[in-house]
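Here is how the chains run, residue by residue.
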Amino acid sequence: MSLPRTLGELRRSPFSEEKLRTRRVKDELRDNLITRLRAGSEQQIFPGIVGYDDTVVPQIVNAILSRHNFILLGLRGQAKSRILRALTSLLDPFMPYIAGCEIHDNPYEPICRYCRDLIAKCADATSISYLTPEQRYVEKLATPDVTIADLIGDIDPIKAARGGHELASELTVHYGLLPRANRGISPLTNFPISRAKSR
């Protein structure tokens, strides 16, 4: 399949504005899971996961169908990370985004300044790139040294100086893990949960 390479071509392709403008990752996971369940596929939803067919897997399926967030709790070695990585099999084979965008912006609903300016300048000639499901999975081990700047981002003075921007400009932001995982799956693993001390 030849993938569209400009915004104009994208509008006339199966990646139409009607389909992608407001489609969230939860909608994408749900739609693809429903397609797989209706097909009665023999393929396991979570290949390589043994022993959870009657317990954990149905609960995760219900959470995806309901578009819920969920937390996997368990001891080490209980396939939590493997289950999360397997969610990528429910993503579309290709996801279009504006070429050069650090946060993989939706071509029809851009949120970053760079993309809005680019579309205003190039219109339908704006270049489009694609991510595979594996590229849309961004995992971060939550250790004590992880900072808010690592997760969200921070002002980058060097980026401001090189681009000739004011520090208050959106174009000076160095994006962290979560913005870079935009339109993808980004679990925080081993995230510490504080417990109240019993008295």
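Structure first, text after, so check above.
Right, let's walk through the structure included here. (Residues numbered from 1 in each chain as written. Predicted model: local features only at pLDDT ≥ 70, side-chain atom pairs only at ≥ 80, totals over all residues. Heavy atoms only, no water.)

With respect to the overall build of the protein
Each helix and strand in the protein was counted, giving 9 helices and 6 strands. Expressed as lengths along the three principal axes of its C-alpha atoms, the size of the protein is roughly 55 × 50 × 25 Å. Within the protein, buried positions represent 36% of all 199 residues. Accessible surface, the protein: about 12800 Å² in total, of which carbon and sulfur atoms supply 53%. Once the 28 positive and 23 negative side-chain charges of the protein are each reduced to a mean point, those two points are 4 Å apart. (Helix = DSSP H or I, 4+ residues; strand = E, 2+ residues; numbered from the N terminus. Buried < 20%, exposed > 50% of the residue type's maximum accessible area, 1.4 Å probe, protein only. Areas by Shrake-Rupley, 256 points an atom, 1.4 Å probe, with all protein chains shown as cover. Lys, Arg positive; Asp, Glu negative; His and termini not counted. Charge placed at Lys NZ, Arg CZ, Asp CG, Glu CD.)

Re the pattern of salt bridges
Pairing between side chains of opposite charge can happen when the charged atoms of each approach one another. Counted by the stated rule, this structure contains 14 salt bridges. In this structure, the salt-bridge partner of Arg-21 is Glu-17, at a minimum N-O distance of 2.5 Å. On the basis of relative accessibility, which here comes to 35%, the residue Arg-21 falls in the partly exposed class. Among the ionic pairs, Arg-67 bridges to Asp-27, the shortest N-O distance being 2.7 Å. Pair noted here: Arg-67 is in the loop between α4 (56-65) and α5 (80-86) and Asp-27 is in helix α3 (residues 25-38), with a separation of 40 residues, a long-range link. For Asp-27, a relative accessible area of 14% gives the class buried. (Salt bridge = Lys/Arg side-chain N within 4 Å of Asp/Glu carboxyl O.)

So, a nonpolar patch on the surface
Judged by side-chain polarity, Ile-148, Ile-152 and Leu-178 come together as a nonpolar surface patch covering roughly 290 Å² of accessible area. With respect to the helices and strands, Leu-178 occurs in helix α9 (residues 177-180). Taking the relative accessible area as the measure of exposure, Leu-178 reaches 37% and is therefore partly exposed. (Patch = residues over 30% accessible without salt bridge, like charges linked within 9 Å, V, L, I, M, F, W, Y side chains within 5 Å.)

Regarding the packing of aromatic side chains
Tallied over the entire structure, the rule returns 2 aromatic pairs. The interplanar angle of 50 degrees and the centroid separation of 5.7 Å between the aromatic rings of Phe-15 and Tyr-130 together place this pair among those described as tilted. Of the two residues, Phe-15 sits in the loop between α1 (7-11) and α2 (17-20) while Tyr-130 sits in strand β2 (residues 128-131), which places them 115 residues apart along the sequence. For the pair Phe-15 and Tyr-130, a shared accessibility class is recorded, and that class is buried. (Phe/Tyr/Trp six-rings, centres within 6.5 Å; stacked < 30°, edge-to-face > 60°.)

Such coordinate-based values are descriptive only and should not be taken to indicate function.
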